[in-house]
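Residue-level structure breakdown
Here is what each chain is made of, one letter per residue.
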Amino acid sequence: MKKKITLKDIASTFGVSIATVSKALNDSFDISTKTKEKIQEYAKANHYKPNVAALNLLSKKTKTIGVIIPNIMNSFFAKVFVGIEKIASQNGYQLVSCISNESHEKEVKTIQLLKHGDLDGLIISLAEETEIKQDFNHLTNTLNEGVPIVMFDRISENINCDKVIVNDLESAFHATDYLLKTGCKRIALISVIDNLSVGKLRVEGYKKALIKYGLPIEEQLIVRLGHYEDFDTAMKIVLSDQSIDGLLCLEESSAINALKLLKQMEYKIPEEMSIICFTNGKLLQHLSPSITAISQHGKYIGETTARILIDRIENEKSNTSFSTKIIKTTLIERESTRLIPLQKEA
């Protein structure tokens, strides 16, 4: 096997210092064009690769970011990860990605494991159990150890760090408002994420829209389902009230299941029942009828989160205050909702 070439080998070949070779390979203006070209050509011909570990020791950086997401099956988190990976790669960072699987214990253990690898920074969306327990000691300890954290989507106001979110309350308000403007009279809300901060905010947005229209807030129309409850049975009980003509689903799996059930019950969609859901997974546009969705722009959230963390890592001596970046959502209109009627001119 051919020996791996080093900076020292190149320096010996040309009778120059290691510093000169390093500058030449980095295209420094301190080195003449002729010398740079010779060294660069030689390095390329001999397949020179920089010693990343050595460079990291010099900079005291590992160029490693930990990413913890709660649920890989959720298309939103998959999109966020794509955005994080894009920006990390562009900036020469590698990712160590982990899934908490909604477990507080696993989240704590994962952070401990990641920190053993000299982590430069951490990106996290909280596990459901962490939000229920309101136990954030593992995150506070991480920050106190000098590891910067950026939280996204599922955050805690008790943690003093950078955050990237969407305005869940306003997004749910606009979605409910849209259903009412298209002619819906009684809208049920379906939540399987009631333990999460984002779920609670979306319920508040729904209520805010009802209040705007002078409609009563009927608690029986706010359907909170646990992970192990029979979705179809619960929904059939709700839909026994045939005056319900709109559904706001707080995540896409409940919307897909609701659509399947409604078709079995021979509802005409959207004439007799309109549906809007949060997150805009690819499957929604291929269903029949396709489902109107609130896009949270997951990829952009990931890109924004990664940029904020990398800036925090690379400017660690800066005393810039922590910020919360709010990403605007977009309502993607599809076949599961009626169009808003045109306003007649006065």
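Up top is the structure these notes are about.
This write-up is about the structure you can find in this document. (Residues numbered from 1 in each chain as written. Predicted model: local features only at pLDDT ≥ 70, side-chain atom pairs only at ≥ 80, totals over all residues. Heavy atoms only, no water.)

1. A look at the pairing of strand β2 (residues 94-99)
Working note: regular strand, side chains alternate between the two faces of the sheet. Across six bridges, the pairing between strand β1 (residues 64-69) and β2 is parallel. When the bridges of β2 are listed, Val 67 appears paired with Ser 97. With helix α5 (residues 75-90) bridging β1 and its parallel neighbour β2, the resulting β-α-β unit is right-handed. (Pairing = 2+ DSSP bridges. Helix = DSSP H or I, 4+ residues; strand = E, 2+ residues; numbered from the N terminus. Right-handed = clockwise from strand over helix to strand, strands pointing away.)

2. Focus on the sheet that holds strand β10 (residues 292-295)
Strand order in the open sheet formed by six strands is β7-β6-β8-β9-β10-β12, with mixed pairing between adjacent strands. Either end of the sheet is taken by a strand with one partner, and the two such strands are β7 (222-224) and β12 (330-332). Each strand of the sheet is rotated relative to its neighbour by a mean of 20°, with strand direction disregarded. Note that β10 and β12 share three bridges and pair antiparallel. (Axes fitted to C-alpha atoms, helices over the stretch in contact; angles between N-to-C directions.)

3. What to know about the packing of aromatic side chains
Within this structure, the stated rule accounts for three aromatic pairs. Put simply, the rings of Phe 76, Phe 77 and Phe 152 pair up and form one aromatic cluster. Here the basic side chain of Arg 202 rests over the ring of Phe 278, its NZ or CZ set 4.0 Å away from the ring centre. The lysine or arginine in question, Lys 208, covers the ring of Phe 173, its NZ or CZ lying 4.9 Å from the ring centre. (Phe/Tyr/Trp six-rings, centres within 6.5 Å; stacked < 30°, edge-to-face > 60°. Lys NZ or Arg CZ within 6 Å of the ring centre and 35° of its normal.)

4. A look at the sheet that holds β2
With parallel pairing, the six strands of this open sheet are ordered in space as β2-β1-β3-β4-β5-β11. Edge positions in the open sheet fall to β2 and β11 (324-327), since each of these has one partner strand only. Each strand axis lies, on average, 15° off the axis of its neighbour in the sheet, ignoring direction. Across the sheet, helix α8 (residues 137-144) lies against β3 (121-124) and β4 (149-152), angled at about 145° from β4, the strand it touches most. Packed onto the sheet, helix α14 (residues 298-314) meets β1, β3, β4, β5 (162-166) and β11 and runs at close to 170° relative to β5. (Contact = heavy atoms within 4.5 Å.)

5. What to know about the environment of Phe 81
The topology assignment puts Phe 81 in helix α5. Note on Phe 81: relative accessible area 24%, which makes it partly exposed. Residues Phe 81 and Glu 303 lie 222 residues apart in sequence; the distance between their C-alpha atoms is 8.6 Å. (Buried < 20%, exposed > 50% of the residue type's maximum accessible area, 1.4 Å probe, protein only.)

6. What to know about the packing of helix α1 (residues 7-14) against helix α2 (residues 18-25)
Following both chains from N to C, one finds α1 and α2 inclined at 105°, their axes separated by 8 Å at the closest point. Taken together, the axis directions place α1 and α2 in an arrangement best described as roughly perpendicular. Two secondary-structure elements touch here, α1 through Leu 7, Lys 8, Ile 10 and Ala 11 and α2 through Ile 18, Val 21 and Leu 25. When grouped by side-chain class, the residues that make up the contact of α1 with α2 number six nonpolar, no polar and one charged. (Parallel < 35°, antiparallel > 145°, perpendicular 65-115°, else oblique. Nonpolar A, V, L, I, M, F, W, Y, C, P; charged D, E, K, R; others polar.)

7. With respect to the pattern of salt bridges
Scanning the model with the defined rule gives 17 salt bridges in all. Measuring nitrogen to oxygen at the nearest pair gives 3.1 Å for the salt bridge that ties Lys 181 to Asp 177. Note that Lys 181 and Asp 177 are positioned in helix α9 (residues 168-181) at a spacing of four residues, about one turn of the helix. Classification of Asp 177 by relative accessible area gives buried; the value is 6%. With a closest N to O distance of 2.4 Å, Asp 241 and Arg 186 form a salt bridge. Residue Asp 241 is found in the loop between α11 (231-239) and β8 (246-249), and its partner Arg 186 is found in the loop between α9 and β6 (187-191); the two are separated by 55 residues along the sequence. Residue Arg 186 is classed as buried on the basis of its relative accessible area of 17%. When salt bridges with common partners are traced through the structure, they connect Asp 194, Lys 207, Glu 219 and Arg 224 into a single cluster. (Salt bridge = Lys/Arg side-chain N within 4 Å of Asp/Glu carboxyl O.)

8. Details of unusual backbone geometry
A cis amide bond, omega 10°, links Ile 269 with the succeeding residue Pro 270. With respect to the helices and strands, Pro 270 occurs in the loop between α12 (252-264) and β9 (274-278). The omega torsion across Ser 288 and Pro 289 is 0°, close enough to zero to call that bond cis. Here Pro 289 shows up in the loop between α13 (282-286) and β10. In this structure, Thr 279 is a non-glycine residue whose phi angle is positive, near 70°. Checked against the element boundaries, Thr 279 lands in the loop between β9 and α13. Exposure remark for Thr 279: the relative accessible area of 6% places this residue in the buried category.

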